[in-house]
Every structure is written in C-alpha cells, then in structure tokens.
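Report on the structure
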Amino acid sequence: MKKTIYIGALLVLSFFYSCNAPRTNPLDPQNPNYSLGQLDGYVFTPSRIPLNKVRVTWKNENITVETDSTGYFKIQGIQRKNGTLYYEKLGYANDSVLVEWGDQKSKRIEDKILIYVTGQLDGFVFNPERSPLQGVKVLWNNQNILVQTDINGHYLFSNLAKNNGLLYFEKDGFAKDSVNVVWDNQENYHVADKILNYTIGQIDGYVYDPDKIPIKNVKIIWGNQNLLATSDQNGHYLLTNVSMKNGKLYFEKDGFASDSVNVIWGTQKNYHVPDKTLIYTIGTIDGYVKTVALPRLPIPNAKVSWKNQNIVVTTNSNGYYKIDNVPKQNGTIYFEKEGYSPDSSLVQWGSQKSYRVEDIFLNSIPTLDYYNIYTSVENKFPDIQSFKIFFECTISDKENDVDSVFVSSNSINFKKQLIFNPTTKNYENNFTTSDLNLTSFENVIGKNFDIIVKERSGKTFNIGSSYVKRIIKQEIIIDSPSNKQVVSSTPQLNWQRFLPGFNFKYRIEIYTDEIQPVLVWSKDNISQDAINYIVDQSLQTGDYFWVIWCVDEFKNKSRSKPASFVVQ
C-alpha cells in the first residue's frame, strides 16, 4: 500500500514538472513555433527565363518579397494557414496561386510562369522596287501610338499592350495600307514586310530652241493640279508630287510660241516627256567695237557675248559684229578683249526686229612693263639694322590717262602711292618698317605687293604683282682704315671676306665726316672675291668715313657700319 502511494506521488510530480519544461520538438503541438512555416519557389517567363524582382505577396499577412536573379523567392516565419500567394511584375499579367499547407511546415510552390502583357512590334516598309521607305507614318490604332520609319524603312513600337489590333501605314505619294496583328505568347511581334504602292509621281523633260540650245526659265504647267515649274540653264524641268492621272503639260515663255503635250502615265512612277522644241520669233543684234584712244580705231577679235542664249561671236577686222537668230528678249550684251577693260550694253528690243547697239569704245588696260622690289639694310652702331623697301615700275597706257599708281598688299593692310620720276620714267617710292605697319622687317618676306593703277575716269586696275626676293641681313665687317686711323690720300680699304651664299657685287662709298656728310668718292661693281681696294682718286686732307655695300642681282643691298679715317 505504501509502495502504491509512492509511485502515484511520483507520477503527479512528474506531471507537474513536465508542464513547465521547454517545448523543443517542432512536431509538438505545444511548441510555440509549431504553427509557423515557409514558402518558396521560382518564377519564369514563357520561355523559361528566370524573372527577377517579381513582387510575391503572402496575402494572409501582407508579407511581400522579390525574386532574385534566378527567379527564386522565399517567405519564412508565416502562419501555416491556407491562403493565396500573389505575383506582380510590370509588363506581365498578375497571377496568384492557392496554398494549402496540409501537414507541411515548408511548402515548395510549383514553378510560376508569368505571361507578358506588353511587348514590342516592328517591321520594314518598302516601295514596289524594294527600296526602303523612310518617313512612313505607322499607327498602332489600339493605343493611338504613332512612329515613323527610319532610313532603312524600319519601324519599332515598344511597351505595347498585347491586344490584337490593326497597324496602319501612311505616306504622301503612296496608297494607305494596314495589317492585322494577332498576338500569341511571344513578347516581340515582327510584321511581315509591307509594300506601299505609289499614288503620286514626277514629270520631267527638256526644252530647246530650234537650234537645240537649252531654254531656261520656261514655265511648265501641269494642268490637272495647276502645278508650276521652270526650266534651268540646261533646259531641264521637274515636277514632283504629281497626281498620277492623265493630263496636259503646258509650256510658256516670253518670245516663244506656247505649246503643250499629253501625258499618259501607264504604270511608271516617273514620266519623262520627249524633248520639247519651242518656236520663237527671232531678231538680229549688231554694232561696232572701237578704241577709246583717238583716233577711234576698230578693235578686231573682240569677244561679244549675248548672255540670254550664251551666244558668243567676235568682231571682224572692222570691229563689226552681228548676232543672228536671237530670241527677242531684253538682256545685256558683253564686250571683252584682252588688254582692254570690259564693257556692256543693255538691249531693249521694243518693236523692232533688228537691234543696232551704239558704238562701244573699249579702254585699254595699262600695262606693267617693268616692276622690281628690293630691300636695303643699313648696319649702325652699336648693333642696329635700319630697313627700307624700294618699289619701282614702268607703266605704259595707250590713252595716257593714268591718274595715280599705288603699291598694295592686302595681307598687311598696306597701300601707298608711287611717285613718277621723270628722269627714270619710273613710278618709285621707298618705305620703312613703320610705313609698312610691321614690327619687324622680316615679316615682309612672302607678302605679295600689287601694282594698282587708277585712271582719270575713276576705273582701277590691278596690273601686276611681285614679292620680296631677298633681305640681306648679313653684315660686311671692315678691317681698316677705321677709328680715325691716319692714311695717305689714296688709302687701301680692307674688309673681311664676305660669304652670304649668293652672287653679288661690292659698292664702296667715302663721305666727309661732318654733320651733313658729303659723298666724295664711290666705286661700283667690285668683285665679290675682293677683300681690299685702293682708292683711285686723291683725297684732300680731312676727316672721312667709308662704308661698303653688298648688292645682289635684284638690287637688294646691305651696308656695313661706317669706319672713320683721317687724311694728312
């Protein structure tokens, strides 16, 4: 009896003890986590491509996760109560699945396939010759979205709702068309190539006179639509955007008989009209070309141009010209002859058939007979180089009406007048670096200098150009006499050998050494091989200085520093 009571007490104690012990068995209904579970699974496209960032929502507890790059998702620590799992992703149809747990704590959901709800639509548009058509308007009518084809005829719609519908094609000059689009499970729909047929075309051709000379500025009128074009300098005309209906083409030009031609299209887009010859009333232009200079002499072989029809004739030995078969259109006749200033005359026909131009007198262009540019460099103490540029030219003019002569260089914004020298018969002048608007005389190298002649009539002519051929910057060094050295009345002058690299001659000058130096002796054309020279004239007693020049074949020259001496 005591034993039974003991065992019973142990059982009671064991019961109370077990009620307070932790519940670690997950299958124990008393375990606090027994009712929690997890869901996982994968989401794919219809092509079995994993879908990332799909929003997966366990609606019972409004818990949302996103799929990873493999399309996988997992939801943990949720109540294991049956409910609905929702799937959402932009561009795809929303979907859901009913979850029934049963006795499972971890539930793997069957792979979910999301269906596209948006996609892209593309294709190509061509003309009947299979050339791509650019700028075709393509309209997706379901959503009223419009695009245009590119240079390859390609069009593309993106992010379209995948609803079946009609695609419309429209372009000026082509018949409108459409295609029915029926989507299936594909994301991208490629429309079969679309061929658009022409509804407009173009007309072209050429217009000539009876001599097969192209006629420009002819009015060409397409009567069906009252379209207007004009022929160019080649007689060619072109009408575009023409309604492809048979009709008449009309030709009109002042001085020519109006004409027309029937256009019957057939199947071609471009209609080329056979050459059209317009008949015109014609006239004659004639006259004489003579010199301005008296006596008025005829100028033979002068070029006479009637620009309206690009007709050119030349004067005969009497200066006479004649142009036959000229359309009677007002215009300008031009006169040219080498060596003369061109001229022109306005021709206004009036009612006469033949037009006599008043005598034309051509003024001869002054001629540049001689032109030289040379430079001078003078070396001074201590180490200063003084620069000058010299211009000299000879000009002849049959009318003797030259008013003034200028030397000009546009590149350095320089223009100065040359002065006529009655002794040399040259136009001459010289200028310093400052006159040339230059900071360094070396900048003159490579610059062209034009000779500009102005006549008393006011006309100007550019009759020639030249440039600086050389600047002699090298300096000749004097040895003796120098520094007031005392010498005889016929001293020997000595200098160091000068090797500038080009042919030249020496010139020696002796001056009195006073405030206003006077040249007392000089010698030209001394050989470039010389290094001394004996003065061949007796100098009077007094103070002197001498210099030596290097002068090249173009008259460019360079002078040494002066050297002083005394004659006793």
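Residues numbered from 1 in each chain as written. Predicted model: local features only at pLDDT ≥ 70, side-chain atom pairs only at ≥ 80, totals over all residues. Heavy atoms only, no water.

Points about the overall build of the protein chain
Helix and strand counts for the protein chain come out as one helix and 48 strands. By the compact-globule yardstick of 24 Å for 568 residues, the protein chain is too spread out, its C-alpha radius of gyration being 53 Å. Each of the three principal axes of the protein chain carries a C-alpha extent, and together these read 180 × 90 × 35 Å. Look at the contacts in the protein chain between residues 6 or more apart in sequence, and 57% of them connect residues 24 or more apart. A total accessible area of about 31,800 Å² is found for the protein chain, and carbon and sulfur atoms account for 47% of it. Treating the 60 positive side-chain charges of the protein chain as one cloud and the 59 negative ones as another, the clouds have centres 6 Å apart. (Helix = DSSP H or I, 4+ residues; strand = E, 2+ residues; numbered from the N terminus. Rg over C-alpha atoms; globule rule 2.2 N^0.38 Å. Contact = heavy atoms within 4.5 Å. Areas by Shrake-Rupley, 256 points an atom, 1.4 Å probe, with all protein chains shown as cover. Lys, Arg positive; Asp, Glu negative; His and termini not counted. Charge placed at Lys NZ, Arg CZ, Asp CG, Glu CD.)

Concerning the packing of aromatic side chains
By the definition in use, this model includes 29 aromatic pairs. Taking 5.0 Å as the distance between ring centres and 50° as the angle between the ring planes, the aromatic pair formed by Tyr42 and Tyr72 counts as tilted. Of this pair, Tyr42 sits in strand S1 (residues 36-44) while Tyr72 sits in strand S4 (residues 72-79); the two residues are 30 residues apart in sequence, bridging distant segments of the chain. Seen from their ring centres, Tyr206 and Tyr208 are 6.3 Å apart, and the 20° between their planes marks the pair as stacked. Note on Tyr208: relative accessible area 14%, which makes it buried. Site record: aromatic cluster; members linked through ring pairs are Trp495, Phe498, Phe502, Phe504 and Tyr506. Note that Arg48 overlies the ring of Phe44, its terminal NZ or CZ placed 4.0 Å from the centroid. Here the basic side chain of Lys415 rests over the ring of Phe406, its NZ or CZ set 4.9 Å away from the ring centre. (Phe/Tyr/Trp six-rings, centres within 6.5 Å; stacked < 30°, edge-to-face > 60°. Buried < 20%, exposed > 50% of the residue type's maximum accessible area, 1.4 Å probe, protein only. Lys NZ or Arg CZ within 6 Å of the ring centre and 35° of its normal.)

So, unusual backbone geometry
The linkage connecting Phe381 with the following residue, Pro382, adopts the cis geometry, with an omega of 0°. In the segment running from Ser480 into Pro481, the intervening peptide bond is cis, with an omega of -5°. Phi is positive for Asn217, which is not a glycine, with a value near 65°. With respect to the element layout, Asn217 can be found in the loop between strand S17 (200-208) and strand S18 (219-222). Positive phi, normally seen in glycine, also occurs at Lys484, with a value near 65°. Structurally, Lys484 can be placed in the loop between strand S40 (478-480) and strand S41 (485-487).

What about the sheet that holds strand S6 (residues 95-99)?
Neighbouring strands of a sheet are bound in pairs by backbone hydrogen bonds; such pairs are parallel or else antiparallel. Taken together, the four strands give an open sheet; going across it, the order is S3-S2-S5-S6, and neighbouring strands pair in antiparallel fashion. Each having just a single partner strand, strand S3 (63-66) and S6 make up the two edges of the open sheet. The sheet shows a mean angle of 20° between the axes of neighbouring strands, direction not considered. Summarising the sheet, strand S2 (residues 55-58) and strand S5 (residues 83-88) pair through four bridges and their orientation is antiparallel. Within the sheet, the bridge partner assigned to Arg55 lies in S5 and is Glu88. (Pairing = 2+ DSSP bridges. Axes fitted to C-alpha atoms, helices over the stretch in contact; angles between N-to-C directions.)

Side note on the nonpolar core
Of all hydrophobic cores here, the largest spans 27 residues; its most connected members are Ile389, Phe449 and Ile451. The set of elements that each furnish at least two residues to this core consists of strand S33 (367-380), strand S34 (384-396), strand S35 (402-409), strand S36 (414-421), strand S37 (426-432), strand S38 (448-455) and strand S39 (460-467). Of all the elements, S34 adds the most residues to this core, at five residues. Every residue in contact with Ile451, bar those within four places of it in the chain, is listed here: Leu368, Tyr371, Cys393, Ile395, Val405, Phe406, Val407, Leu418, Phe461, Asn462, Ile463 and Gly464. Membership of the second largest hydrophobic core comes to 24 residues, among which are Ile476, Ile526, Leu539 and Phe565. (Core = buried A, V, L, I, M, F, W, Y, C linked by side-chain atoms within 4.5 Å.)

Comments concerning the pattern of salt bridges
Per the stated rule, a full pass over the model turns up 22 salt bridges. With a closest N to O distance of 3.8 Å, Asp324 and Lys322 form a salt bridge. By relative accessible area, which is 39% here, Asp324 ends up partly exposed. Between Glu442 and Lys473 there is a salt bridge, with the nearest N and O atoms lying 2.7 Å from each other. Of this pair, Glu442 sits in the loop between S37 and S38 while Lys473 sits in the loop between S39 and S40, and the two are 31 residues apart along the sequence. Looking at Glu442, the relative accessible area reads 39%, which means it is partly exposed. Three or more residues are tied together by salt bridges with common partners; here these are Asp383, Glu475 and Lys561. (Salt bridge = Lys/Arg side-chain N within 4 Å of Asp/Glu carboxyl O.)

A few points about the environment of Arg80
Relative to the elements of secondary structure, Arg80 occurs in the loop between S4 and S5. Here Gln104 takes part through its backbone oxygen, which lies 2.8 Å from a polar atom of the side chain of Arg80. (Polar contact = N/O pair within 3.5 Å; in protein donor to acceptor, adjacent residues only side chain to side chain.)

With respect to the side chain of Asp204
When you line up the elements, Asp204 lands in strand S17. Buried charge without a partner: Asp204 forms no salt bridge, and the closest opposite charge is Lys269, 12 Å away. There is a polar contact of 3.0 Å between the side chain of Asp204 and the side chain of His236. For Asp204, the side chain forms a polar contact with the side chain of His272, separated by 2.9 Å. Apart from the residues within four sequence positions on either side, Asp204 is in contact with His236, Tyr237, Leu238, Tyr271, His272 and Val273.

Some thoughts on the sheet that holds strand S22 (residues 259-263)
Spatially, the four strands line up as an open sheet ordered S19-S18-S21-S22, and their pairing is antiparallel. Edge positions in the open sheet fall to strand S19 (227-230) and S22, since each of these has one partner strand only. Put simply, the sheet's adjacent strands are angled 20° from each other on average, direction ignored. Strand direction decides the pairing type here: S18 and strand S21 (residues 247-252), joined by four bridges, are antiparallel. The residue of S21 that forms the bridge with Ile221 is Tyr250.

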